[in-house]
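So the chains spell out like this:
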Amino acid sequence: MKYILFILVLAVAVNASAQTDMQHTPKGALYHIYTNSTGEKIKLNDVITFQFIQKTEKDSVLFSTYTAGHPVQVQIQASQNVADLMEVFPMLALNDSALVKVPADSIFKGHEEQRPAFLPKGSSLTFILKIERIQSLNDAIAERNANLEKIKSAEVADMNRYITSHKLITKTTTTGLKYIITKPSVKLKPLKGDTLLVNYVGRTLDDKVFDSSIEAVAKSSGLQQPGRTYEPIQVIVGTGGVIPGWDEGLLLLHEGSKAMFIIPSGLAYGAQGQGDIKPYSTLVFDIELVKVKPIKHAPKPTAKKPLTKKHLQKKATVVKKKTT
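When helices and strands are counted, the protein chain shows seven helices and 14 strands. Taken across its 324 residues, the protein chain has 37% of its residues classed as buried. Intrachain contacts of the protein chain at a sequence separation of at least 6 include 67% that bridge at least 24 residues. Taken as a whole, the protein chain presents about 20000 Å² of accessible surface, with 57% of it coming from carbon and sulfur.

Set out below in structure tokens:
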């Protein structure tokens, strides 16, 4: 905390000293570069890692990567608007720091209704930047892929560790879905295309709840889901409207049954992840199949029975009578 406060105090000091030495970018941002590094400047398509503090003109901090605990990473592209800072980055080198003031009027031009009260007309949004790393696009991609491979390799071990530590006895389908029927039922079993009402709790392997249709669970887990209606969700099963692990697992259940699905990333969100769900994450769901609303399914074709010798003889007799 002292370190963060020191950074903020320093930011205020350098901000004040730089006010008299600001230059303009072509799109109208003001900037001042605190350092003068002799290293190679950032180029188009480079991937940079940087820290920043974002403030109002009254020095109210809106966001800080130092407080968040990690820097951000972006690829350098041609500037699309004054607030993307892409005009400033190519003027910086490794370890450079800069102050950038973006006019709020430029940000909200054409959609004034989105302007917050803390950025009134004529004000600026202030950024204090520090460049920590510069990579070529190929190097950044190679590093990301290597890191993903490490995570992918660890996924099976993490899943097995979860099953062992929770003393679970699971069944496994041919696709790799693991499941436990925790409450059996002999009621209606869904078919592909049926509409299902499902209650669920979704967790990561560290038992952190990331989503739930049950209000009590969501609140006790500290989920922030403003405007969410807590009720069973509707799923048209087997049509790709949900992750593959759900499509497969729900067809194993009956109306009124409950189950636990342990879904490997290949049947969930894969290498991309989703929101707070990291790439190659195995997910755990507690599922309750509340109701099955069947559609009108076509009747299964009746298989024709093979003709016996007696049938063939009878058929031959009929043909003979017709020809005489």
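Right, let's talk about the environment of Ile-163 for a bit. Examined against the element boundaries, Ile-163 turns out to sit in helix α4 (residues 137–165). What makes Ile-163 buried here is its relative accessible area of 11%. Considered as a pair, Ile-163 and Ile-262 are 99 residues apart in the sequence and their alpha carbons are 9.0 Å apart. Apart from the residues within four sequence positions on either side, Ile-163 is in contact with Leu-168, Lys-178 and Ile-262.

Judged by nonpolar contacts, the single largest core of 23 residues is most densely connected at Phe-89, Leu-92, Val-100, Phe-127 and Leu-129. Within the residue set of this core, elements represented by two or more residues are β3 (47–55), β6 (97–103) and β7 (124–135). In terms of nonpolar packing, the next biggest core, distinct from the first, is built from 22 residues, Val-235, Ile-243, Ile-287 and Leu-289 among them.

So, about a nonpolar patch on the surface. A contiguous nonpolar patch, built from Leu-62, Phe-63 and Phe-118 and spanning about 260 Å² of accessible area, is present on the exposed surface. Counting through the fold element by element, Phe-118 comes out in the loop between α3 (104–107) and β7.

Next up on the list: the confidence of the model for the protein chain. It should be kept in mind that the predicted coordinates are not to be read in detail where pLDDT is low. Of the residues in the protein chain, 86% reach a pLDDT of 70 or more, and the chain-wide mean stands at 88. Of the regions scoring below 50 in pLDDT, residues 1–9 engages in six contacts with residues more than four places distant in sequence or in other chains.

Quick look at the packing of aromatic side chains now. The full count for this structure, using the stated rule, is seven aromatic pairs. Ring centres of Phe-50 and Phe-52 lie 5.8 Å apart, and the angle between their planes is 35 degrees; on these two criteria the pair is classed as tilted. Phe-50 sits in the buried class, given a relative accessible area of 6%. Using a relative accessible area of 12% as the deciding quantity, one classes Phe-52 as buried. Ring geometry for Phe-50 and Phe-89: centres 5.1 Å apart, planes at 55 degrees, overall tilted. One end of the pair, Phe-50, is in strand β3; the other, Phe-89, is in the loop between β5 (72–75) and β6, with 39 residues separating them in the sequence. Here Phe-50 and Phe-89 have matching classes, each one buried. Taken together, the ring pairs in this structure connect Phe-50, Phe-52, Phe-63, Phe-89 and Phe-127 into an aromatic cluster.

End to end, α4 covers 41 Å across 29 residues, agreeing with the expected 42 Å (1.5 Å per residue, within 8%). Its axis deflected by about 35 degrees at Glu-155, α4 carries its strongest bend there. All of the buried residues along α4 are Ala-140, Leu-148, Glu-155, Met-159, Tyr-162 and Ile-163. Where α4 is buried, its residues contact β3, β7, β9 (178–183), β10 (195–204), β13 (258–263) and β14 (283–293). Taken from the residues just after α4, Lys-167 is the one with a positive phi, measuring 55 degrees.

Once that is clear, we can look at the environment of Gln-54. Turning to its location among the elements, Gln-54 is positioned in strand β3. Linking Gln-54 and Ser-64, residues ten residues apart in sequence, is a C-alpha distance of 6.3 Å. In this structure, Gln-54 is in contact with Ser-60, Val-61, Leu-62, Phe-63, Leu-125, Thr-126 and Phe-127, ignoring residues within four places of it in sequence.

Our next topic: a positive patch on the surface. A cluster of basic residues, Lys-183, Lys-187, Lys-258, Lys-291 and Lys-293, forms a positive patch on the protein surface. Relative to the helices and strands, Lys-291 is located in strand β14. The exposure class of Lys-291 is partly exposed, given its relative accessible area of 38%.

Once that is clear, we can look at the side chain of Asp-96. When you line up the elements, Asp-96 lands in the loop between β5 and β6. Within the buried core, Asp-96 has no salt-bridge partner, and the shortest N-O distance to an opposite charge, that of Lys-41, equals 4.1 Å. Here Asp-96 is in contact with Thr-35, Asn-36, Ser-37, Lys-41, Met-91, Leu-129, Lys-130 and Ile-131, once residues within four sequence places are set aside.

Cut-off values and rules
- Residues numbered from 1 in each chain as written.
- Predicted model: local features only at pLDDT ≥ 70, side-chain atom pairs only at ≥ 80, totals over all residues.
- Heavy atoms only, no water.
- Helix = DSSP H or I, 4+ residues; strand = E, 2+ residues; numbered from the N terminus.
- Buried < 20%, exposed > 50% of the residue type's maximum accessible area, 1.4 Å probe, protein only.
- Contact = heavy atoms within 4.5 Å.
- Areas by Shrake-Rupley, 256 points an atom, 1.4 Å probe, with all protein chains shown as cover.
- Core = buried A, V, L, I, M, F, W, Y, C linked by side-chain atoms within 4.5 Å.
- Patch = residues over 30% accessible without salt bridge, like charges linked within 9 Å, V, L, I, M, F, W, Y side chains within 5 Å.
- Salt bridge = Lys/Arg side-chain N within 4 Å of Asp/Glu carboxyl O.
- pLDDT = per-residue confidence, 0-100.
- Phe/Tyr/Trp six-rings, centres within 6.5 Å; stacked < 30°, edge-to-face > 60°.
- Expected span 1.5 Å × (residues − 1).
- Bend = angle between axes of the 7 residues up to and from the residue.
- Lys, Arg positive; Asp, Glu negative; His and termini not counted.
- Charge placed at Lys NZ, Arg CZ, Asp CG, Glu CD.

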